[in-house]
Amino acid sequence: MNNWYKSLMDTLTNSNTWEDLGITAIRIVLIVVISKLIMWVLHKSLDRIVLERASKHPPSQARRMTTVGKLVKNVVTYIMYFILFMLLLSEVGINLGPLLAGAGVVGIAIGFGAQSLVKDILTGFFIILEDQFAVGDVIQTGTFKGTVEVIGLRTTKILSWTGEVHMIPNGMINEVTNFSVNNTLAVVDVLVAYEAHVDRALSIISETMNQLKHENLVKRPEVLGVQLMSATSVTIRVTGECKPNTHHMVARVMNKEIKDALDRNGIEVPYPRMVTYQRTYEEG
Amino acid sequence: MNNWYKSLMDTLTNSNTWEDLGITAIRIVLIVVISKLIMWVLHKSLDRIVLERASKHPPSQARRMTTVGKLVKNVVTYIMYFILFMLLLSEVGINLGPLLAGAGVVGIAIGFGAQSLVKDILTGFFIILEDQFAVGDVIQTGTFKGTVEVIGLRTTKILSWTGEVHMIPNGMINEVTNFSVNNTLAVVDVLVAYEAHVDRALSIISETMNQLKHENLVKRPEVLGVQLMSATSVTIRVTGECKPNTHHMVARVMNKEIKDALDRNGIEVPYPRMVTYQRTYEEG
Amino acid sequence: MNNWYKSLMDTLTNSNTWEDLGITAIRIVLIVVISKLIMWVLHKSLDRIVLERASKHPPSQARRMTTVGKLVKNVVTYIMYFILFMLLLSEVGINLGPLLAGAGVVGIAIGFGAQSLVKDILTGFFIILEDQFAVGDVIQTGTFKGTVEVIGLRTTKILSWTGEVHMIPNGMINEVTNFSVNNTLAVVDVLVAYEAHVDRALSIISETMNQLKHENLVKRPEVLGVQLMSATSVTIRVTGECKPNTHHMVARVMNKEIKDALDRNGIEVPYPRMVTYQRTYEEG
Amino acid sequence: MNNWYKSLMDTLTNSNTWEDLGITAIRIVLIVVISKLIMWVLHKSLDRIVLERASKHPPSQARRMTTVGKLVKNVVTYIMYFILFMLLLSEVGINLGPLLAGAGVVGIAIGFGAQSLVKDILTGFFIILEDQFAVGDVIQTGTFKGTVEVIGLRTTKILSWTGEVHMIPNGMINEVTNFSVNNTLAVVDVLVAYEAHVDRALSIISETMNQLKHENLVKRPEVLGVQLMSATSVTIRVTGECKPNTHHMVARVMNKEIKDALDRNGIEVPYPRMVTYQRTYEEG
Amino acid sequence: MNNWYKSLMDTLTNSNTWEDLGITAIRIVLIVVISKLIMWVLHKSLDRIVLERASKHPPSQARRMTTVGKLVKNVVTYIMYFILFMLLLSEVGINLGPLLAGAGVVGIAIGFGAQSLVKDILTGFFIILEDQFAVGDVIQTGTFKGTVEVIGLRTTKILSWTGEVHMIPNGMINEVTNFSVNNTLAVVDVLVAYEAHVDRALSIISETMNQLKHENLVKRPEVLGVQLMSATSVTIRVTGECKPNTHHMVARVMNKEIKDALDRNGIEVPYPRMVTYQRTYEEG
Amino acid sequence: MNNWYKSLMDTLTNSNTWEDLGITAIRIVLIVVISKLIMWVLHKSLDRIVLERASKHPPSQARRMTTVGKLVKNVVTYIMYFILFMLLLSEVGINLGPLLAGAGVVGIAIGFGAQSLVKDILTGFFIILEDQFAVGDVIQTGTFKGTVEVIGLRTTKILSWTGEVHMIPNGMINEVTNFSVNNTLAVVDVLVAYEAHVDRALSIISETMNQLKHENLVKRPEVLGVQLMSATSVTIRVTGECKPNTHHMVARVMNKEIKDALDRNGIEVPYPRMVTYQRTYEEG
Amino acid sequence: MNNWYKSLMDTLTNSNTWEDLGITAIRIVLIVVISKLIMWVLHKSLDRIVLERASKHPPSQARRMTTVGKLVKNVVTYIMYFILFMLLLSEVGINLGPLLAGAGVVGIAIGFGAQSLVKDILTGFFIILEDQFAVGDVIQTGTFKGTVEVIGLRTTKILSWTGEVHMIPNGMINEVTNFSVNNTLAVVDVLVAYEAHVDRALSIISETMNQLKHENLVKRPEVLGVQLMSATSVTIRVTGECKPNTHHMVARVMNKEIKDALDRNGIEVPYPRMVTYQRTYEEG
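Residues numbered from 1 in each chain as written. Chains lettered and ligands numbered in written order. Predicted model: local features only at pLDDT ≥ 70, side-chain atom pairs only at ≥ 80, totals over all residues. Heavy atoms only, no water.

Chain A goes by Mechanosensitive ion channel family protein in an unreviewed UniProt entry, where it is assigned to Paenibacillus paeoniae. Taken from UniProt, the Subcellular location (unreviewed entry) comment for chain A reads in full: "Cell membrane". The Function (unreviewed entry) comment attached to chain A in UniProt states, word for word, "May play a role in resistance to osmotic downshock." (UniProt positions renumbered as here; feature names shortened; annotations may be inferred.)

Peer 1: Looking at this model, I keep getting lost on the sheet that holds strand β6 (residues 184–193) of chain A. Mind explaining?
Peer 2: Strands in a sheet are paired, the pairing made by backbone hydrogen bonds, and the direction either parallel or antiparallel. Pairing in this open sheet of 3 strands is antiparallel, and the strands run β6-β8-β7 (chain A) from one edge to the other. With partners counted over all chains shown, the strands left at the sheet margins are β6 and β7 (222–229) of chain A, one partner each. Across the sheet, the axes of successive neighbouring strands diverge by a mean angle of 25 degrees, strand direction being ignored. Taken together, the 6 bridges between β7(A) and strand β8 (residues 233–242) of chain A define a ladder with antiparallel strand orientation. Within β8(A), the residue paired with Glu222(A) across the bridge is Thr239(A). Against the sheet, helix α6 (residues 247–264) of chain A engages β6 and β8 of chain A, with an angle of about 25 degrees to β6(A). The sheet strands contacting helix α6 (residues 247–264) of chain E are β7 and β8 of chain A, and the helix crosses β7(A) at an angle near 65 degrees. (Pairing = 2+ DSSP bridges. Helix = DSSP H or I, 4+ residues; strand = E, 2+ residues; numbered from the N terminus. Axes fitted to C-alpha atoms, helices over the stretch in contact; angles between N-to-C directions. Contact = heavy atoms within 4.5 Å.)

Peer 1: Mind showing me how you'd approach the environment of Ile236(E) here?
Peer 2: Residues and elements named next belong to chain E. Residue position: Ile236 is located in strand β8 (residues 233–242). The exposure class assigned to Ile236 is buried, which follows from its relative accessible area of 1%. Considering only alpha carbons, one finds Ile236 and Thr184, 52 residues apart in sequence, at a separation of 20 Å. With residues up to four places along the chain from it excluded, the contact list for Ile236 reads Val188, Asp189, Val190, Val192, Ala201, Leu202, Ile205, Val223 and Gly225. (Buried < 20%, exposed > 50% of the residue type's maximum accessible area, 1.4 Å probe, protein only.)

Peer 1: Explain the pattern of salt bridges to me, please; I cannot follow it from the model alone.
Peer 2: Opposite charge on two side chains lets them pair, provided their charged atoms get close. Applying the stated criterion across every chain, the model contains 49 salt bridges over all chains. For the salt bridge of Glu241(F) with Lys219(F), the shortest nitrogen-to-oxygen distance reads 3.5 Å. Of this pair, Glu241(F) sits in strand β8 (residues 233–242) while Lys219(F) sits in the loop between α5 (198–211) and β7 (222–229); the two residues are 22 residues apart in sequence, bridging distant segments of the chain. Each of Asp120(A), Arg154(A) and Glu130(B) takes part in salt bridges that share partners, so that together they form one network. (Salt bridge = Lys/Arg side-chain N within 4 Å of Asp/Glu carboxyl O.)

Peer 1: I keep staring at the packing of helix α5 (residues 198–211) of chain C against helix α6 (residues 247–264) of chain C and nothing clicks. Help me out?
Peer 2: Angle between the axes and distance between the axes: these two values describe a pair of packed helices. All names here are of chain C. At a closest axis distance of 10 Å, the pairing of α5 and α6 adopts a crossing angle of 130 degrees. Regarding the angle of α5 to α6, the classification is oblique. When you trace α5 past α6, the crossing you get is right-handed. Contact residues: α5 offers Ile204, Ile205, Thr208 and Met209, while α6 offers Met254, Glu257, Ile258, Ala261 and Leu262. (Parallel < 35°, antiparallel > 145°, perpendicular 65-115°, else oblique. Left-handed = near helix turned anticlockwise from the far one by under 90°.)

Peer 1: Looking at this structure, I do not really get the confidence of the model for chain A. What am I missing?
Peer 2: Low-confidence regions, as indicated by low pLDDT, have predicted coordinates that should not be scrutinised in detail. In the predicted model, chain A carries a mean pLDDT of 80, and the fraction of residues at 70 or more is 79%. The complex prediction reports pTM at 0.80, with the ipTM value standing at 0.75. (pLDDT = per-residue confidence, 0-100.)

Peer 1: Would you take a moment to explain the domain arrangement of chain A for this structure?
Peer 2: Residues and elements named next belong to chain A. Domain assignment breaks chain A into domain 1 (2–101), domain 2 (120–178) and domain 3 (184–264). At the boundary of domain 1 with domain 2, total buried surface from both sides reaches about 470 Å², with 75% on carbon and sulfur atoms. Linking domain 1 to domain 2 there are 0 salt bridges. Counting every contact that joins domain 1 to domain 2 gives 0 residue pairs in polar contact (both at pLDDT 80 or more). Partitioning the side of domain 1 that touches domain 2 into residue classes produces 3 nonpolar, 1 polar and 1 charged. (Domains from an automatic or database assignment. Buried area = accessible area lost by both parts, 1.4 Å probe. Polar contact = N/O pair within 3.5 Å; in protein donor to acceptor, adjacent residues only side chain to side chain. Nonpolar A, V, L, I, M, F, W, Y, C, P; charged D, E, K, R; others polar.)

Peer 1: Help me out: how do you make sense of the side chain of Thr156(G) in this one?
Peer 2: Residues and elements named next belong to chain G. Locating Thr156 in the fold gives a position in strand β3 (residues 155–159). Residue classification places Thr156 among the buried positions, given a relative accessible area of 0%. Within the local environment of Thr156, its side chain forms a polar contact with the side chain of Asn170, the two groups lying 2.7 Å apart. Dropping the residues within four chain positions of it, Thr156 is found in contact with Phe133, Val148, Val150, Ile151, His166, Met167, Ile168, Asn170 and Ile173.

Printed below as a string of structure tokens:
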């Protein structure tokens, strides 16, 4: 015990021990100071970049830029603190190798299991950054269609027109169709019987469409012509450009008007047809 | 043997041995103390964060926050004990490298096999944290629809309306549709024959809907108009906003009322129609 | 050769050699003793946890808990022996690094190939632990439905009602539907012709259902109303709550009774209908 | 050149060189001896385990156990020789690190490419061990159904009833349905017209089934009742328990007998029905 | 404390310390200088390659080449700065090993989660480099068809003809069909009744097509012949080569012209046909 | 410069330098000699194994065995040379670690990208080794069916009966169906009208089949019985065992003979049937 | 500062420093010389292999061989320069370990993201090497069919017969069907009514086919016989071997000729048939 006490004292009074500690102390101070410096520089640069970019864009864009800027700043700060923490531990002389190797086995399982979480967040980040859609837009992704309610980092909430809320992880949002950006096209396919004169049907529909007025219609509907000749009817296609995402409403109005016009003009309805050959049956 | 005994004694009485032990002892004490300190700080911070957040939210949210807080505290504690254990082993001088490398081969298999387990738990955590759905909500995920019975960390139990219990691993719950958040829309498509006057059918349905009363109806049903003109009938769409997840019940009532009204007013039922051309058959 | 012999002797008589051996011996003894201690503590804790939990639950649950406890104890023991073995090899001075690195190449192939095996066992463990289904339950997973015969760690055997045995790896059992937990609902959809008075049909079915008695029926069947108005018929839905997994049997009885009642009351059968327009054919 | 020769001689006559060699030699001998010992112990234990287990099971099971035992013994031997070889190379002083790292790049490609091979063999091993099916059984896996001809470690051969040979890698055999374990159920669905009295049809079928005799029938066929009421017919379900995998044959006999009985008793055949409404066509 | 101060002073006045610093300083300067040199050489080479290639191609190609060149230069610069930064840290004596190992666990999750992001950017790079499609082209990828609006590094925006905007991650763009490169073929299938003389129908269609004139038609439409003999009609196929992506418009014109010609010449319309055998029904 | 020259000379004349070189030289020679020895032993063993096995099998099998043996010998030789090359580089003192680590980043990409290539070759090896099919066999894998033309290590070429060549990577050949191993079964399903007496039809078909003679028929066709009772017809199944892959041809002959026999005996053709109920239409 | 200057001078004038530099210099020179040597040997060997192989094959094959040879030479050169560069850096004393470890994290993401790129290039290489198809061939892969326009290392361009260009990454080209290698078979299925005498129809078709002449027909078309007996018609199959990829054209001619012949001989067209049973409807 004397020995133990003595050797400890020796160590503490040994100049080499203190020399080592001195160098370590200097290193630690240097690391902290330099880290803080780098973080300060990074924050300033990010602020400047965001400011510069925001000043060049309309206010709505600028707001999104600020959001993204804040997010990037947070992420950078967390990473810098993580690096700083690891460097300090390493300086203090705690060997992190085995610890981390041990975490590696668990890490594979977590890494694989968490990959969809990471993908969700990364995709969420790009949805906001690239402004793919905004709250209030009508979008479709996969089989889910509705009005965007919330765009989160991990999930996006879409409100279906029948009232259900679809919650979709961002990583599942691969291909998005946005109905709220451009004018949409109301497409109406009118079936006309073979017996009817196609020219007359075309001119009646054309005339009706020219007189059609609707607040959501941007241009006069256009009669494209004979789209298809099926076994029992001729299909005439009519399209009408209307305000974003109002095509269902406009198509309903067009449907009604065309039906009325064809009725008034006696254009035949193309019920399914069949030619029957009657035969007397020879008993088996 | 003398030699062995003597060398052991030499080692034990050698001051360097004790000096090493002394340093190790100090390091171990330091590690334990610092670990405890870090854990105490982490726990306090977590408590404060949860408290702060909970005070800003309604009680129902606060309860969830406490649950998540407890979970995070447990996980943090386990991780800290794991790190502490590894550091102590490493200080004692047991080389964990080969052990962990050996575990690595097995670890790949386990890591890959366990990834869906990890994904289940991570997704379960986010379902609770993000409040995607609560017990008692009617949700649909994939082909499974029903009332949520239990939300576990690994599996969620859903009770189908016909009585079966669906047990779904949380990792399989990608896209969720929640029927219990908003009012839902009862959609009824009424088929009317081409011969009938569409205007009259529209006004009859409209009138009937205006007089419809039902405890679950939030607003008067709306007649949208001519949704589709198919080969043999005209489809008129009627929608009625009703309380969450009562649209099946309301639609049944609307079906009944519309049928009665159309019957009373003699609006023709759109049976399938066909035009037949009779021909005498020239024998082959 | 003399040199060789002499140097070997030198080594053996050198005190440093023995000193090293002495330290190694002490370390080995320490490792074994501590390992045994840790294992003893772990086993005792596990036993206590299982006992505590089992005393709080009904006997059927307790039995499952014991099974899981035994399994966990086995796994813990194997892991401890593996760690002990690796540590001893490492102490003896056999460098396992290259060996394990060599195994790594093979390990990737095995790890990837074995991942579904690991997933099978992990899922099997959770099926038992979470009591998702028991032997004798009627379950469906994917396209396979039947009575559970055996729940193994790797595979589950399900007996189809037509006699085939389905053997399913547990890792393939993602979403399970259990028919044996709650009462199930027999759903009967009755088609009634448009010409029939729906009100009368509803009252006849309602009356019949009120008089229906069956040992498996838990409550009186309920007539929900007009579920659907298709082109040629009106669908009336009737549901009857019955004991778990007896809905097929009850539905057959309900089918028979409703058919008889409708027959007796002359409610028209909704054969497919068609309106035909005869036309003379102008020869082409 | 003199220098070179001299230094080589110095090395060879230096006692340290020989001392090192001596220690290495002892280590090598020890490694070989211990390896052989471990292998001997492992083989003996495996033999004893197999013998013990085999004595508790019927002979057919015992034979499979011996097969599996031999396989395990081979695998263990190969692994032990691989470990021994690596340890010896390492003792001789050949640094395997770079070699193995070099192999790592290639190893990833091979590991990933070979994973399905490993999965095939692992699954094959479990098919034999768990006795999922035996040669001669009729099984179905995925879309392939037939009699098992050969169960190999990598592939299983199934003979279709029309004569084709299906070769399926074991890793593709996930869910297996075995038709040769239990009695199977012949299911016959008889369509009866709505006009027929269901009660009479039920009693005629019931009577016919009671008189049916067939060598493969285990029990009298059972008439379950009205399975379905479709638009044009009533479906009556009859089931007959028969010897494993003879349900196709038995169902054919039941089909024939029921048809004859219904013919004799004049129960109407449910041809598709349709109600036609004739209308004069107003020219368009 | 005296000791500590003294040992620090000793270190600072020790010539070896400064010697080490000197070597490190020289190495750092060398590394920076050489890095700058390599980057300068790389930039010059890239500029020269782009210039050389651009001079050999038409201006439109040259512009794309410049874009790609700039991108490559940026990427190279970032990589060089990253390498430089790591080398300097390593020279200063900061051990990055544990830091990076720690990042490894997180890295797996991020690496897996980010793989689709990397794939998006790589594919985007190749879409631009290989000029698969340009802004304004009409393309189809998967189920999305429309006019290309924007080709970004991560996503491509396609404008559907009905007005929706499809946003598709480049990594999802596997197989692309480009409609704007070559002349497209308008394909019209004309159904003719079996009773009609096929030869006459062929000659009438042929004649009509010879007289057809349309600004988008590149060549006279070709009558290929009898494509199919189905149960009730003969299909005659006509094709017309027209300007890129105008086939829908041209097909509509061809449809109209052929219908008019067949009408004028009395070629029979192939309504579905059926031979009916009337039988008196023996009551069941 | 003098210094430089002098120190180099010192090094070259220093005995330690030459001593090191001497040991290295001996080691290199030893490595080369032992490698050659191992390769010689491996080649001899492989030859002996192949010879032994080939002598036990028929010549056709023996030829395949030789092919596989040569392949294995080549692979073993390449691996040995690769190991030898790496060991020599390592002996010469070139540190391969960083080189290989650098290759690792690229290696992951290549490894993942090449995995399907490796799988192709491994599967190809097993197709040859296990003799799953031979050139000239008619096989089906996935949706591709035809005669095997070439079995390569990476791809297999199959000649469709209509003349196309299918090239399939071996890794895509999972489940193979071979039509050329056993006799195949021609299956003919004869539809007979409900009005016909099934017994008479059965006896007529049976008689016809007994008189049927065809070079490819191995046994007399068997009449299995009533396979199905559908809504409008009774299905009688007839099967005929014939030589491998001639079932299409034989079925055509059986079709023809049965049709002729039924015609001669006036067994009724089961045209689709329908019961029509005429009703006068009440105008809507 | 004096100290610093002095120690630097000491280092520079110290003979050990120069000795080290000398050895390094010699090693660098050796590495460069040996690398160049190996590259020269590799290039020569590759040239010789290509020349040898090319001389044994027809010119068309030889040209492809040269292309592949050049590619392999380029790849080998790049790899050698990469190895050389890494070795030199390592000799100069720059520690690449941390740099490469840092790149590892990024490497995983890139490696996974780039795997489809690597697969594209590898598959492209094998498509060229194995000559699976050539420019101008008509191929089908997946749902894309057309004439091959360009075979690139990453993508293949296929020109559809209607004018669209399909761009397919080579990695997506798994199973290829080549229509341009062998003669193809035009398959025509002729439907004949049950009432017609099959023998007569067979002989008429046979006669017509014997007289058929077409530049693309390689052999006389063959009448296979009765392919199918469906509910309403007998199917007679006729096949005609014709030049590669002309089967559509030839089938059209065969269709026309057979229709004319059957018309001339009054063989009945198999319109769909139905037996109708009229019943008077009992009012419900």
